[in-house]
Amino acid sequence: MNTEIPLSEAKPGQTLRINRLELDGTMRRRLLDLGFIPGADVHILRKSPLGDPVALRVSNTTIALRVEESSRIFGEVLGE
Amino acid sequence: MEQTLNPLTQSKHKQLDSLFSEAESMTEPSSRDEIVGQIFRASKSICDEVVHYQDRQKLHRSEKLDHILTSRTWGFPIMLAMLGVIIWLTIAGANVPSSMLAETFGWLEGYITLGFQAIHAPDWLHGLLVLGLYRGISWVVSVMLPPMAIFFPAFALLENFGYLPRVAFNMDRLFKRSGGHGKQSLTMAMGFGCNAAAIMSTRIIESPRERMLAILTNNFVPCNGRWPTLILLSSLFMAAGVASGLQTFATAAIVMGMVLFGVVITLLVSWILSKTALKGVPTHYTLELPPYRRPKFWNTVIRATLDKSLFTLKRAVIVAAPAGVITWILANIFIGELSILEHIVAFLDPFARALGLDGFILMAFILGMPANEIVLPILMMGYLSTGAMTEVEDMAALKQIFLDHGWTWLTALNMMLFSLLHYPCGTTLINIYKETKSPKWTFLSFAIPTAMAIGVTFTVAQVARGMGWV
Amino acid sequence: MKYPSKEMPYRIALAGNPNTGKSTLFNTLTGLRQHTGNWPGKTVLCAEGEYRFQEKNYTVVDLPGTYSLYSNSADEEVARDYILFEQPDVTIVVLDATSLERNLNLALQVLEMSDRVVICLNMIDEAIRKGIRIHDQKLSSKLGVPVVKTSARDGKGINELKKIVTRVAEGRIQTRPYRIRYSEKIEEKIQSIQSQIENIFGDQLPSRWIALRLLDGERSMLNALKKRIPKEGAPDGANLKSPYPVEA
């Protein structure tokens, strides 16, 4: 029933469970180090005043990602 | 390199190489995820056992505060308000201690002069040491110290509170648009203190292209040595027409306008460079927004005040003192009718006039190359026929000196603009060379701001004159 | 021959995530006795300082704040190389007690690299204010290394930290660092590579950790290793120490 969407399309207030990262190299490693790992939950906190980047809660910390990265992280929205 | 290695080392290198390719052949795309995933699971299971939360709501206080401080509606107004309040505090608070310091130095100078007379010291020695050296130092100290002792503790409080990453978060899109790095706003914040230190801080930007953008544009943030120039000129000339109760506000508004203009120029120059000499797309990065923390108030204030005061005093002794001496010498050695100083001024004057400045101002900027702190003192010294830096106890007297030399609001405005935009100080240029190891980029970091300063002041002067505003 | 006038100081490294109060701890430990070590060829500045405790001298290196010790950036490489090749007498891993979960990752990575580790749970006051309780004893027995609670900006727990560091440096505390078990498949691969690394480097380097990095395809690890291979055919490991000039 749940469908997979990119993190960039999740709305503030929603929580996404990560399925996969479509990134390679250093950026993938860095995101993994920050806790963006398959199976982890990401809570979308809010957008920056100019619409991008977006603040996210992952592994109990707040990390901001630009749309270039968040559009390549895919997962399913958990029940609100 | 390789041929200097002995056979044993070579064979070990070969072993490592083959080991590496063996390992690589075993690597699967998923193994990285698995390794990191396993570490995270271990962390989580350990945390589940040893950490207990009494109230999960308390954890998200920072998020609630972010909801206001980085909100679509309030994010930018609050950011501007904070900048405005800090500048206003600096201006409102620095006046009294500044004139107190100046009075103290003046009082002390009387005794020093008496001392010189008592030992029958020659006039030139008194001129050199007291009118040149001593006044050079006291000028810098009394004009620079109080604003810095207010601005930097206030800034440090915001920094320790955790506000700066939020500024980077709010501004990120603008920097992305201009091709720069999101962390450029953090290096700019460092620039408020000292551009030379900020050049070192650009190391937090890893991409060489974006780091170069941050280096080349850092100077458009007014530093320690330029704040007082901006504050003094805007209070003397720009805010003069405003009702007296509102003058501090008007001064603060103008200084803030200058800062914002500097930000606009930073974005513009970054954008132009990233379309031309430094082509490329912004690299990936992540930005952490750490929890807000209540700063230790007195601790932060005292530390920032002491650090900045020591820094200012050191600069005063190292740079301002010799500059005071040199300026005094230039003003007191005569070739024909005029002193060397006046010859230089006469030479620079026509070009300076086109920029809405005058020869003295341009000379002060050139002689002030080692440190921006000494630009105003050199200018004052140039203006006074005695050839020594004047004591400035009274702001009205100070303004009168400027007016006597034909200043208008345009002169003040353009001197502020030139100060904001012109080439970095000597220390900064040395740091840029050390960091880039490139004469070309060091030269460009001199040339770009200089071109901007000349271009902008020229345009402003021509428009103002053409429209008959002056 | 000169008589050594002083004993060699113990070398302490501070590792930790950014924003954990690591630099504050560094300042509290060393006071004004510090300077910036700008290592050649590196884009990263590291502060170095000294302190004296119970008649012994300690030099402290404040490694760059990083989220991990994989070679994702110059910072991470500097921190990794220091722990791996300089082999400090004690590595203090500074953790933000208010977000232990993310911070613990780095601690677990350091534990894979070194035996002589002390965990410093910093900003413990902040954690208490937020209603976070951490069982430090349990954490210590889980991780197999000492855990000390501190609040560096108030100077709380600093003396205790120095005591524990001394004991670990002198070998009076035996540690049993927690080592993560990976899947069977990965463990097998680790085994086969690990033995070959030991052939080249002896027991001078944490071979299991290096095996993991090579499996990860980290080319920078390979290059860092090559630089440390003895140049004169000297016995294994003789050339390992001091890839950086040590300032007095």
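Because the structure is a prediction, the values reported are computed rather than measured.

Draft legend 1. The overall build of chain A, seen in detail. When helices and strands are tallied, chain A shows two helices and six strands. Principal-axis analysis of the C-alpha atoms gives chain A an extent of 35 × 30 × 20 Å. Counting every position in chain A, which comprises 80 residues, the buried fraction comes to 46%. At a minimum sequence separation of 6, the contacts of chain A that also span at least 24 residues come to 58%.

Draft legend 2. Layout of the overall build of chain B. The secondary structure content of chain B amounts to 20 helices and four strands. Seen through its principal axes, chain B has C-alpha atoms that stretch 85 × 65 × 55 Å. In chain B, of all internal contacts separated by at least 6 residues, the share reaching a separation of at least 24 is 75%.

Draft legend 3. Expanded view of the pairing of strand β5 (residues 61–65) of chain A. Of all five residues in β5(A), five are buried; the element is thus mostly enclosed. Because side chains alternate across β5(A), one face comprises the buried residues Thr61(A), Ile63(A) and Leu65(A), and the other comprises Thr62(A) and Ala64(A), equally buried. As defined by bridge partners, strand β4 (residues 54–58) of chain A adjoins β5(A) across five bridges and the pair is classed as antiparallel. The residue of β5(A) that forms the bridge with Ala55(A) is Ala64(A). In sequence, β4(A) turns back onto β5(A) through a hairpin of two residues, with Ser59(A) there showing a positive phi of about 50 degrees. Of the strand pairs in this sheet, β5(A) and strand β2 (residues 287–288) of chain B are connected by two bridges, and their pairing is antiparallel. Residue pairing across strands places Ile63(A) opposite Glu288(B), the latter belonging to β2(B).

Draft legend 4. Region of the structure containing the nonpolar core. Counting 205 residues, the largest nonpolar core has Val93(C), Val118(C), Ile119(C) and Cys120(C) as its most contacted members. Per-element tally for this core: the top contributor is helix α6 (residues 123–161) of chain B, with 14 residues. Taken domain by domain, the makeup of this core includes at least three residues from each of domain 1 (10–169) and domain 2 (184–227) of chain C. Excluding residues that lie within four positions of it along the chain, Val93(C) makes contacts with Ala15(C), Gly16(C), Leu106(C), Ala107(C), Val110(C), Val117(C), Ile119(C) and Cys120(C).

Draft legend 5. Up close: the interface of chain C and chain B. Between chain C and chain B, the residue contacts involve 45 residues of the former and 42 residues of the latter. Per element, the largest residue contribution to the side of chain C that touches chain B is six residues, and it comes from helix α3 (residues 100–113) of chain C. Of the residues assigned to the side of chain C that touches chain B, the class counts are 22 nonpolar, twelve polar and eleven charged. Bridge count between strand β1 (residues 51–53) of chain B and strand β7 (residues 132–134) of chain C: three bridges; the pairing is antiparallel. Bridge pairing links Val51(B) to Ile134(C) in β7(C).

Draft legend 6. Just the packing of helix α11 (residues 227–238) of chain B against helix α12 (residues 247–275) of chain B, in detail. Residue and element names in this part refer to chain B. In the contact formed by α11 and α12, the axes pass within 9 Å of each other and the chain directions differ by 130 degrees. In terms of axis orientation, α11 runs oblique to α12. Of the two elements, α11 crosses α12, and the hand of that crossing is right-handed. From α11, Leu230, Ile231, Ser234, Ser235 and Met238 reach across to α12, where they touch Gln247, Ala250, Thr251, Ile254, Val255 and Met258. Of the residues that constitute the contact of α11 with α12, the class distribution is seven nonpolar, four polar and no charged.

Draft legend 7. Seen up close, the UniProt feature "domain: Nucleoside transporter/FeoB GTPase Gate" (unreviewed entry) in chain B. Sites flagged by UniProt as "domain: Nucleoside transporter/FeoB GTPase Gate" (unreviewed entry) map to residues 142–232 and 314–437 of chain B. For residues 142–232 of chain B, the helix share is 74%, the strand share is 0%, and the end-to-end C-alpha distance is 13 Å.

Draft legend 8. Quick peek at the confidence of the model for chain B. Per-residue confidence for chain B averages 86 on the pLDDT scale, and 96% of its residues sit at or above 70. This prediction of the complex comes with two scores: 0.84 for pTM and 0.93 for ipTM.

Draft legend 9. Spotlight on the UniProt feature "domain: Ferrous iron transporter FeoA-like" (unreviewed entry) in chain A. In the numbering used here, UniProt assigns the "domain: Ferrous iron transporter FeoA-like" (unreviewed entry) feature to residues 5–77 of chain A. The straight-line gap between the two end C-alpha atoms of residues 5–77 of chain A is 8 Å; of that span, 19% is helix and 42% is strand.

Draft legend 10. Spatial organisation of the sheet that holds β2(B). A sheet is described by the order of its strands in space; here seven strands give the open sequence β1(A)-β6(A)-β2(A)-β3(A)-β4(A)-β5(A)-β2(B), paired in antiparallel fashion. Since the sheet does not close on itself, it has two edges, and those belong to β1 (4–6) of chain A together with β2 of chain B, each with one partner. Direction of pairing for β1(A) relative to strand β6 (residues 73–77) of chain A: antiparallel, over a ladder of three bridges. For Glu4(A), the partnering residue across the bridge sits in β6(A) and is Glu76(A).

Draft legend 11. Just helix α2 (residues 29–50) of chain B, in detail. Helix length check: α2(B), at 22 residues, gives a terminal C-alpha distance of 33 Å against a target of 32 Å (1.5 Å per residue), a fit within 8%. Those residues of α2(B) that fall on the buried side of the exposure criterion are Ile35(B), Val36(B), Ile39(B), Phe40(B), Ser43(B), Ile46(B) and Val50(B). Down the axis of α2(B), the buried set is contained in an arc of 125 degrees. They therefore lie on one face. With respect to the buried face of α2(B), the exposed residues turned more than 90 degrees away are Pro29(B), Ser30(B), Ser45(B), Asp48(B) and Glu49(B). Contacts made by the buried residues of α2(B) are with α1 (25–34) of chain A, β1 of chain B together with α3, β7, α5 (136–143) and α8 (207–215) of chain C.

Draft legend 12. Just the interface of chain B and chain A, in detail. Contact residues are listed per partner, giving 23 residues for chain B and 26 residues for chain A. Looking at the side of chain B that touches chain A, the elements that each hand over two or more residues are α2, α4 (61–69), α5 (75–118), α7 (164–177) and β2 of chain B. Looking at the side of chain B that touches chain A, its residues break down into six nonpolar, eight polar and nine charged.

Draft legend 13. Focus on helix α20 (residues 439–466) of chain B. Residues and elements named next belong to chain B. The end-to-end C-alpha separation of α20 is 40 Å, in line with the 40 Å expected for 28 residues at 1.5 Å each. When we look at burial in α20, the residues that qualify are Thr442, Ser445, Ile448, Pro449, Met452, Ala453, Thr457 and Ala461. Contacts from the buried residues of α20 go to α10 (208–217), α12, α14 (340–354), α18 (409–421) and α19 (426–436). Downstream of α20 by a residue or two, glycine 468 has a phi angle that is positive, lying close to 70 degrees.

Draft legend 14. Up close: the environment of Ser178(B). All names here are of chain B. Relative to the helices and strands, serine 178 is located in the loop between α7 and α8 (184–193). The exposure class assigned to serine 178 is buried, which follows from the 21 C-beta atoms found within 10 Å. Sequence-wise, serine 178 and glycine 106 are 72 residues apart; in three dimensions their C-alpha atoms are separated by 49 Å.

Draft legend 15. Structural view of the environment of Glu206(B). Note that Glu206(B) resides in the loop between α9 (195–201) and α10. In this structure, the C-alpha to C-alpha distance between Glu206(B) and His343(B), residues 137 residues apart in sequence, is 48 Å.

Draft legend 16. Focus on unusual backbone geometry. At the junction of Asp52(A) and Pro53(A), the peptide bond is cis and its omega measures out at 0 degrees in the coordinates. Tracing the chain through its elements places Pro53(A) in the loop between β3 (41–47) and β4. Phi angles above zero are rare outside glycine, and Gln54(C) is one such case at about 45 degrees. Residue position: Gln54(C) is located in the loop between β3 (45–53) and β4 (56–62).

Draft legend 17. Highlighting the pairing of β4(A). Residues and elements named next belong to chain A. Most of β4 is tucked away, with four of its five residues classed as buried. Bridge analysis of β3 against β4 gives five bridges, and the strand direction is antiparallel. What sits directly across from arginine 46, in β4, is alanine 55. Where β3 folds back on β4, the antiparallel hairpin that results is connected by six residues, among which glycine 51 adopts a positive phi of roughly 95 degrees.

Draft legend 18. Looking closely at the environment of Ala149(B). Structurally, Ala149(B) is set in helix α6. On the basis of neighbour counts, which here come to 20 C-beta atoms within 10 Å, the residue Ala149(B) falls in the buried class.

The rules behind each value
Residues numbered from 1 in each chain as written. Chains lettered and ligands numbered in written order. Predicted model: local features only at pLDDT ≥ 70, side-chain atom pairs only at ≥ 80, totals over all residues. Helix = DSSP H or I, 4+ residues; strand = E, 2+ residues; numbered from the N terminus. Buried ≥ 20, exposed ≤ 12 C-beta atoms within 10 Å, placed from the backbone. Contact = placed C-beta atoms within 7 Å. Pairing = 2+ DSSP bridges. Core = buried A, V, L, I, M, F, W, Y, C linked by C-beta atoms within 7 Å. Domains from an automatic or database assignment. Nonpolar A, V, L, I, M, F, W, Y, C, P; charged D, E, K, R; others polar. Axes fitted to C-alpha atoms, helices over the stretch in contact; angles between N-to-C directions. Parallel < 35°, antiparallel > 145°, perpendicular 65-115°, else oblique. Left-handed = near helix turned anticlockwise from the far one by under 90°. UniProt positions renumbered as here; feature names shortened; annotations may be inferred. pLDDT = per-residue confidence, 0-100. Expected span 1.5 Å × (residues − 1). Arc of directions from axis to C-beta.

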